[in-house]
Amino acid sequence: MLRTYVIAFLIFLYAPITLLPVFAFNSGTVIAFPLDGFTLEWFAALRTNRELHSALANSLTVAGTTAVISVLLGLMAARANVRYRFPAKAAAMGLVMIPLVLPEIIVATSLLVVVVQFFGWSLSLVTVVAAHVLICTPFAVAILNASFQSLDPALEEAAIDLGETRASTFRLVTLPLVMPGIIASLLICFTISLDEFIIAFFLTGSDTTLPVYIWSLLRFPKQLPIIMALGTLLVLASILILTLAEWNRRRGIARAGGSDSGGFL
Amino acid sequence: MSLISLRGIEKYYGTYHALRGIDLDIGAGEFFSLLGPSGCGKTTLLRVIAGFEGVSEGTVTISDRDMTRVPPNKRPTNMVFQSYAIFPHLTVAQNVAFGLRRRSDLNRQAKDTLVEEALDMVGLGGFGARASTALSGGQRQRVALARALVLRPKVLLLDEPLSALDKKMREQMQVELIRLQRQVGITFILVTHDQEEALVMSDRIAVMFDGKIAQLAEAEALYRRPVSRRVAEFIGVMNFLPATVADGVVDAQGLGKIVVEDLQSEATTDGETMVGFRPETATLLFPGQDSEGRVARGTVSEVVYYGDMTYYDVRLDGCERPVRISMRNVFGRPVLDIGAEARLAWSPGALTLFR
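These lines cover the structure that appears in this document, whether it is placed above or below.

## Things to note about the overall build of chain B
Part 1: For chain B, the count of helices and strands is eight helices and 20 strands.
Part 2: Considering only C-alpha atoms, chain B reaches an extent of 75 × 50 × 35 Å along its principal axes.
Part 3: When burial is assessed residue by residue, chain B has 50% of its 355 residues classed as buried.
Part 4: When contacts within chain B are restricted to residue pairs at least 6 apart in sequence, long-range pairs at least 24 apart make up 66% of them.
Part 5: Total accessible area on chain B is roughly 16600 Å²; 48% of this is exposed by carbon and sulfur atoms.
Part 6: Taken as two groups, the 42 positive and 43 negative side-chain charges of chain B have centres that lie 9 Å from each other.

This is the structure in structure tokens:
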């Protein structure tokens, strides 16, 4: 009974995804069985699609910038949270983490109102990045909190005791030891920003990001196989990023001499 | 001339008064211990000397220089942390070489030699290339020692360095720390809650309670002449008997009358008080044995056999609480049984009168 349930669950979870590559290589334009024949036509179409390329470039720029800014902010917040005591710390940290559970539609709408109505700015990739940083920072904080918590404060004191300054201690001791956490949060923030749709849809101006571009393609049934091909590539990229993140996490644990607990894979 | 001089040190954490008027002088080349129960301020005091904690009031002088506001990286002190704080991302040799990084007067070869010497000194010769995460607790301790000693500090500060080790390893490291200290001739300041550890290793010991130094003395003097009941109870075992003082004579329950001059203690006022003696300063007389000195009578109420030693609890006649007596076992002599009649030979000179 349990076995049947697990198998049914896994099929429900992964069958749609396995359909992506099946139709990506199918020569028919209608997404239905039986299959017509094998083709690389749709992948070739991806290569020549200018709009797609610019959407992809936009998305990579937004995701990269978002990841770097979120992780920098997350580093500061996590370090302050773990190392220092200050007034209203619980409240401050709570407010930092709230975007994690805030409906994105709320964030998107309110930011749209603020940016357009209050400041009269025009929408651009910058506004998208700002909003993405808002929703990604809590993830970076959560991951980096764990990194700083497992870091013995005596390590930093030992470095200072041995003659280093606060700055060089951060560079020589703190940074290398929280690096696995930094890389993990960079990858997570990058991924979240890359496939975020609602905020991007509300806040992009003329430059669209990849998810928004894909959504726009859906209105044209003839374009569906191209989406399948694109989806196939995105699935491969996701698997690659996840594997990288996990490999990095395990290496970090091995390096610090700890034992493995939890993780993605 | 003292190497470290603390004057009027006060430390507050908010309203909590952690250190209360500490005055302390520690000499060059001394093995000094700060001993006390947890929360007594001993670690705080060590961190004040290291510079990790500022003081609310008072001055810290090291080698005639006022160090009160000098940060830890500019002080001639190095610390061995309780958790050892070995950098997990560096090898053993890189850990030991960490403090040499800023020594521009040394070339790479000279640094390597110093590191190798330091590792040899702590018995880790040839361990340099190993990952520091692959070491045992005792080995990590040694790396921490080498890492601090390679810098030849004027003072080595040790924060409960042996508390994470098992008993056997701890005893071995005690001997080794004494040997190291003699070899390098650097002042060692040890923080510990283990009275035995402090007695074994130190030249002088400061016993701390509630942020204050209760007694500062050499190990033997501390054991033999504790200044208060609290110190006496913290260092080893001491038997206490209620006593009354009147006209220069002490009347101790179970022991009888003693002239105050015969006791080891300062002048005292008349009234109710306590006398104390260590378990090994009185002797149980076995059948056939006699004593020239004073003998108290009672019954054996408990026997704890340790192999080489036996601890007897003896209830003296006219005394509520039993006293504990430790006796070295002699081959062929049977251990006394519970309920046996006990004769206790004691001498007034071993008694301490508490105020």
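## Describing the pattern of salt bridges
Part 1: Tallied over the entire structure, the rule returns 22 salt bridges over all chains.
Part 2: Between B:Asp210 and B:Arg230 there is a salt bridge, and its shortest N-O distance comes to 3.0 Å. Of this pair, B:Asp210 sits in the loop between β9 (204-209) and β10 (212-218) while B:Arg230 is found in helix α8 (residues 229-234), placing the two residues 20 residues apart along the sequence.
Part 3: One salt-bridge network, held together by shared partners, links A:Glu157, B:Lys11, B:Arg47 and B:Glu53.

## Some details on the interface of chain A and chain B
Part 1: Listed as interface residues are 21 residues of chain A and, on the opposing side, 21 residues of chain B.
Part 2: Carbon and sulfur atoms supply 60% of the area buried between chain A and chain B, which totals about 1900 Å² over both sides.
Part 3: Looking at the side of chain A facing chain B, the largest losses of area belong to A:Glu157, A:Asp161 and A:Leu162, adding up to 34% of the total buried there.
Part 4: At the surface where chain A touches chain B, the tally comes to three salt bridges.
Part 5: For B:Arg47, the salt bridge goes to A:Glu157, with nearest N and O atoms at 2.6 Å.
Part 6: Taken together, chain A and chain B are joined by 10 residue pairs in polar contact (both at pLDDT 80 or more).
Part 7: Take the side of chain A that touches chain B: its biggest share by element is seven residues, from helix α7 (residues 153-161) of chain A.

## Description of the side chain of A:Asn145
Residues and elements named next belong to chain A.
Part 1: Along the chain, Asn145 turns up in helix α6 (residues 125-149).
Part 2: A residue is classified by how much of its surface remains accessible, and Asn145, at 13% relative accessible area, is buried.
Part 3: If sequence neighbours within four positions are ignored, Asn145 has contacts with Ala78, Asn81 and Val82.

## Structural notes on the sheet that holds strand β17 (residues 309-316) of chain B
Residues and elements named next belong to chain B.
Part 1: Spatially, five strands are ordered β15-β19-β16-β17-β18 in an open sheet, and the strand pairing comes out antiparallel. In this open sheet, the two strands that pair with only one neighbour each are β15 (283-285) and β18 (323-328). On average, each strand axis in the sheet is inclined to that of its neighbour by 50 degrees, with strand direction left out of account.
Part 2: Pairing between strand β16 (residues 294-305) and β17: seven bridges, direction antiparallel. When the bridges of β17 are listed, Thr299 appears paired with Arg315.

## Notes on the sheet that holds strand β4 (residues 57-62) of chain B
Residue and element names in this part refer to chain B.
Part 1: If you walk across this open sheet you meet the four strands as β2-β1-β4-β5, and the pairing is antiparallel. Looking at strand neighbours, the two that pair on one side only are β2 (16-27) and β5 (65-66), the edges of this open sheet.
Part 2: Bridge count between strand β1 (residues 2-13) and β4: five bridges; the pairing is antiparallel. Bridge assignment links Ser5 to a residue of β4, and that residue is Thr61.

## What about a nonpolar patch on the surface?
Part 1: Where nonpolar side chains cluster on the molecular surface, the patch consists of A:Leu2, A:Tyr5, A:Val6, A:Phe9, A:Leu10, A:Leu13, A:Tyr14 and A:Ile17 and spans about 790 Å² of accessible area.
Part 2: In this fold, A:Tyr14 is placed in helix α1 (residues 2-24).

## Re unusual backbone geometry
Residues and elements named next belong to chain B.
Part 1: Even without a glycine there, the phi angle at Ala85 is positive, about 50 degrees.
Part 2: Positive phi is not limited to glycine here, since Arg152 has a value of about 50 degrees.
Part 3: Relative to the helices and strands, Arg152 resides in the loop between α4 (137-149) and β7 (155-159).

## Thoughts on the side chain of A:Glu164
Part 1: Turning to its location among the elements, A:Glu164 is positioned in the loop between α7 and α8 (166-195).
Part 2: The exposure class assigned to A:Glu164 is buried, which follows from its relative accessible area of 1%.

## Some thoughts on the packing of aromatic side chains
All names here are of chain B.
Part 1: Counted under the stated rule, the structure contains 14 aromatic pairs over all chains.
Part 2: Ring geometry for Phe240 against Phe354: centres 5.7 Å apart, planes inclined by 55 degrees, an arrangement best described as tilted. On the criterion of sequence distance, the pair formed by Phe240 in strand β11 (residues 239-246) and Phe354 in strand β20 (residues 352-354) is long-range, its members being 114 residues apart. Here the two residues Phe240 and Phe354 agree in accessibility, since each one is buried.
Part 3: Over the aromatic face of Phe209 sits the side chain of Arg230, whose NZ or CZ is 4.2 Å from the ring centroid.
Part 4: Across the ring face of Phe286, the terminal group of Arg333 is positioned such that the distance to the ring centre comes to 3.7 Å.

Criteria and cut-off values
- For every chain, the first residue of its written sequence is number 1, and the numbers climb from 1 along that sequence.
- Each chain gets a letter, beginning with A, and each ligand a number, beginning with 1, in the order they are written.
- Selection of residues for local features in this predicted model requires a pLDDT of at least 70, selection of side-chain atom pairs for listing and counting requires 80 or more, and totals for whole chains, interfaces and linings are taken over all residues.
- Excluding hydrogens and water, the side-chain values take into account all heavy atoms of the structure.
- Comment: elements are numbered from the N terminus, with helices defined as DSSP H or I runs of at least four residues and strands as E runs of at least two.
- Relative accessible area decides the class of each residue, using a 1.4 Å probe on protein chains only: under 20% of the type maximum gives buried, over 50% gives exposed, and in between gives partly exposed.
- Contacts were defined at the residue level, with two residues in contact if any of their heavy atoms lie within 4.5 Å.
- Areas reported as accessible are Shrake-Rupley estimates using a 1.4 Å probe. Residue values count occlusion only from the protein chains shown.
- Think of it this way: Lys and Arg go in the positive column, Asp and Glu in the negative one, and His and the chain ends go nowhere.
- Positions of charges follow a simple convention, taking NZ of Lys, CZ of Arg, CG of Asp or CD of Glu.
- Any carboxyl oxygen of Asp or Glu that lies within 4 Å of a side-chain nitrogen of Lys or Arg is treated as forming a salt bridge with it.
- Simply put, the buried area is the total loss of 1.4 Å probe accessible area from both parts when two parts are fitted together.
- Under this definition, polar contacts are N or O atom pairs within 3.5 Å; protein pairs additionally need one hydrogen-donor-capable and one acceptor-capable atom, and for neighbouring residues in sequence, both atoms have to be side-chain atoms.
- Following DSSP output, two strands are said to pair if at least two bridges run between them.
- Under this scheme, a helix contributes an axis fitted over its contacting stretch, all axes are lines through C-alpha atoms, and angles between N-to-C directions fall in the 0 to 180 degree range.
- Patch membership requires more than 30% relative accessible area and the absence of a salt bridge. Residues of like charge join within 9 Å; the nonpolar side chains Val, Leu, Ile, Met, Phe, Trp and Tyr join within 5 Å.
- Pairing of aromatic side chains requires ring centres within 6.5 Å, counting the rings of Phe and Tyr and the six-membered ring of Trp. Pairs whose planes differ by under 30 degrees are stacked, by over 60 edge-to-face, and all others tilted.
- Here, over-ring charges are defined by two tests on the NZ atom of lysine or the CZ atom of arginine: distance to the ring centre within 6 Å, and angle to the ring normal within 35 degrees.

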